[in-house]
Amino acid sequence: MAEEKRPAANEPSYGDQVRIRREKLAQLQESGCDPFQQTRFVSSTDSAAIKADFDAMEGQLITIAGRLMSKRGMGKVSFCDLQDKSGRIQLYVRRDEVGEDCYDYFKKYDIGDIVGVEGTVFRTQRGEMSVRAAKVTLLSKSLLPLPEKFHGLTDRETRYRQRYVDLIVNPEVRRNFELRSRFIQHVRTFMDGRGFMEVETPVLNTISGGATARPFVTHHNTLDIDMYMRIATELPLKRLIVGGLERVYEIGRIFRNEGMDPKHNPEFTTIELYQAYADFQDMMDLFEDLLSSAAQKLLGTYQVEWQGEQIDLTPGWPRLPMHEAVKQYVGIDFMAIGSDEEAVAAARSVGVALPETADKTWGNALYACFDEKVEGKLIQPTFITMHPVDVSPLAKRSPKDPRLTERFELFICRSEMGNAFSELNDPLDQRARFQKQAELRDKGDDEAGMMDEDFLTALEYGMPPTGGLGIGIDRCVMLLTGADSIRDVILFPTMKPID
């Protein structure tokens, strides 16, 4: 747990509190009032509804359930704060109104206990909207004390490990996950409204493909083969385009055996979508419309604050070729460079060295300069287009320059939000690019793709011109909630076990 206030000399220690709570449970069970035998309680309302419509509800008999978050005054009258899914409401519990036996039981209840209440809506003499209890039923006993009320659960590591406690004592955390749910609902409504069909594809695959990433490996006992947890949904979805499902999408979990930082978690959620007879320009239009409409619908504004920056999501985002971005921010005009050697030397002149596993090519030099020198400067929504073919094994070549592809990535506040192509549908070109990836893999690049013969067979049957787009759901939610860490928008982020 997070560090809590040291108990005063007359206050029980944490261990004593646990012992006392267990003793109270034993006493309740011995008297025939075992809270864990309670099976059902029907609430007629919640705290937010009472406060929103108090004048109409005042004097009415209601039922409400939730968790006790405070108790004050234990003479003949007690005041409590009850927390439910929508907020908090005060309870007024009076001995001569609930009965002496019920009140004696009630005095054994602790902060954190879950109770059901029957009573009437009223306003106290101090004007606070409350529920005047006629009956209080213990529905579940909390055997561990909650973190100290004034400081709550503040240690970030503990909050992520014990999200259930985080949600109890830090109610504002709930907003992120409510907004996440609403965003995913918006995505589905948006896609369905444009004639897309939601599908599901395998999580376990015999070949890892569709992205440049290191996969998780598992073993199938019955088949006695190693299998890979998917690093993308791209290749199965494009098989469906071949099969005639002209607009498909999937929202699903992706698994990549990579590092962890505020922007990366080994398992994360994406939406991938594919549209026949479209290209990457159509995907830019769709992405801009999707994300800007989400901000307007969920937040009521195009203006958001994220990572200390004011972001304007008003539609009309700039579209900048990668080589133009490098020329603008770094000062190197790669389009004036004709050889691999000259390109690598130009990158080296600005302090950019290519990875050991990368081929020393014009395209890799261009991409490395962008990655190291430009990406961190992109604050407002910007589409970076025309990626080198060397780093885009699944994208269609540009008819204007075969070194480039019809691909874009959207960057907002130094973060990549999505990736899209005019999809490569030439099976011969695709085979050559798969072969190049396989060669890199043989040289030790465990993030390079594998040869997928079945996908090549699918392409040989013919895939129409297609636009494809992959969007990081988690990062979009980070943007909309203003979260600095991906762990703040994933209910159960990956954590190293505590010994």
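Going by the structure above, here's the rest.
The structure displayed is predicted, hence computed values, not measured ones.

**Q** Where do I start with the environment of Glu-305 in this structure?
**A** The residue Glu-305 is located in strand 12 (residues 303-306) in this model. The class of Glu-305 is exposed, set by a relative accessible area of 52%. In the structure, Glu-305 is positioned 178 residues away from Ala-483 in sequence and 9.5 Å away in space, judged by C-alpha atoms. Look past the residues within four positions of Glu-305 in its chain and what remains in contact with it is Gln-310, Leu-479 and Gly-482. Side chain to side chain, Glu-305 and Gln-310 meet in a polar contact 3.3 Å long.

**Q** I would appreciate a short explanation of the side chain of Ser-78 in the present structure.
**A** Residue placement: Ser-78 occurs in strand 2 (residues 77-84). The class for Ser-78 is buried, based on a relative accessible area of 0%. Within polar-contact distance, the side chain of Ser-78 engages the backbone oxygen of Gly-73 at 2.7 Å. With near-sequence residues (within four places) excluded, Ser-78 lies in contact with Arg-72, Gly-73, Leu-91, Tyr-92, Val-93, Tyr-103 and Phe-106.

**Q** How should the sheet that holds strand 17 (residues 415-422) be read in this particular structure?
**A** Note: strands within a sheet are paired through backbone hydrogen bonds, in either parallel or antiparallel orientation. Strand order in the open sheet made by the eight strands is 6-10-11-18-17-16-15-14, with mixed pairing throughout. This sheet does not close on itself; its edge strands, each paired only once, are strand 6 (197-198) and strand 14 (319-321). In this sheet, strand 15 (residues 382-385) lies alongside strand 14 in parallel orientation, the contact comprising three bridges. Across the sheet, residue Arg-319 finds its bridge partner in strand 15, namely Phe-383. Seen against the sheet, helix 9 (residues 234-242) touches strand 10 (247-255), strand 11 (267-276), strand 17 and strand 18 (466-472) and runs at an angle of roughly 20 degrees to strand 11.

**Q** Before we go on, may I ask you to explain the state of the cysteines in this structure?
**A** One covalent bond between the sulfur atoms of two cysteine residues makes up a disulfide. Scanning the entire structure with this criterion turns up zero disulfides. Here Cys-33 stays free of any disulfide, with the sulfur of Cys-102 as its closest cysteine sulfur at 9.3 Å.

**Q** Help me understand the packing of helix 8 (residues 173-192) against helix 10 (residues 280-299), please; the structure alone is not making it clear to me.
**A** For any two helices packed against each other, the geometry is given by the interaxial angle and the distance between the axes. Contact geometry of helix 8 with helix 10 gives a least axis separation of 10 Å together with a crossing angle of 135 degrees. Taken as axis vectors, helix 8 and helix 10 run oblique relative to one another. Note on packing geometry: the crossing formed by helix 8 with helix 10 is right-handed. Judged by residue contacts, Arg-175, Leu-179, Arg-182, Phe-183, His-186, Val-187, Phe-190 and Met-191 of helix 8 engage Leu-286, Asp-289, Leu-290, Leu-291, Ser-293, Ala-294, Lys-297, Leu-298 and Leu-299 from helix 10.

**Q** What is the right way to read helix 1 (residues 14-30) from this model?
**A** For helix 1, which comprises 17 residues, the first-to-last C-alpha distance of 25 Å matches the rise-based estimate of 24 Å (1.5 Å per residue) to within 8%. Among the residues making up helix 1, those that are buried are Val-18, Arg-21, Lys-24, Leu-25 and Leu-28. Down the axis, helix 1 shows its buried residues gathered within 125 degrees of arc, on one side only. Turning to helix 1, the residues buried within the fold contact helix 5 (100-106) and strand 5 (129-140). Directly after helix 1, the chain includes Gly-32, whose backbone phi takes a positive value near 85 degrees.

**Q** For this particular structure, what's the right way to read the sheet that holds strand 7 (residues 204-205)?
**A** In space, the three strands of this open sheet follow the order 7-9-8, with antiparallel pairing throughout. Here the strands that pair on one side only, and so sit at the sheet edges, are strand 7 and strand 8 (217-220).

What counts and how
Every chain begins its residue count from 1, and numbering advances along the sequence as written. The predicted origin of the model limits local features to residues at a pLDDT of at least 70 and limits the giving and counting of side-chain atom pairs to 80 or more, whereas totals for whole chains, interfaces and linings rest on all residues. The basis for every side-chain value is the complete set of heavy atoms in the structure, and neither hydrogens nor water enter the calculation. In DSSP terms, a helix is any run of H or I states spanning at least four residues, a strand is any run of E spanning at least two, and both are numbered starting from the N terminus. Only protein chains enter the accessibility calculation, which uses a 1.4 Å probe; a residue whose area is less than 20% of its type maximum is buried, one above 50% is exposed, and one in between is partly exposed. By the convention used here, residues are in contact when the closest approach between their heavy atoms is within 4.5 Å. By the criterion applied in these results, polar contacts are pairs of N or O atoms within 3.5 Å in which, for protein atoms, one can donate a hydrogen and the other can accept it, and in which residues neighboring in sequence qualify only through two side-chain atoms. For two strands to be treated as a pair, DSSP must find no fewer than two bridges joining them. Note on geometry: axes are lines fitted to C-alpha atoms, helical ones only across the stretch in contact, with angles between N-to-C directions running from 0 to 180 degrees. Two cysteine sulfur atoms form a disulfide, by the criterion used here, when they sit within 2.5 Å. The labels follow the angle: roughly parallel below 35 degrees, roughly antiparallel above 145, roughly perpendicular from 65 to 115, and oblique for the rest. Definitions for this section: a left-handed crossing has its near helix turned counterclockwise from the far helix by less than a right angle. A right-handed crossing has that turn clockwise. Helix span, as expected, comes to 1.5 Å for every residue beyond the first. Along the arc lie the directions from the helix axis toward the C-beta atoms.

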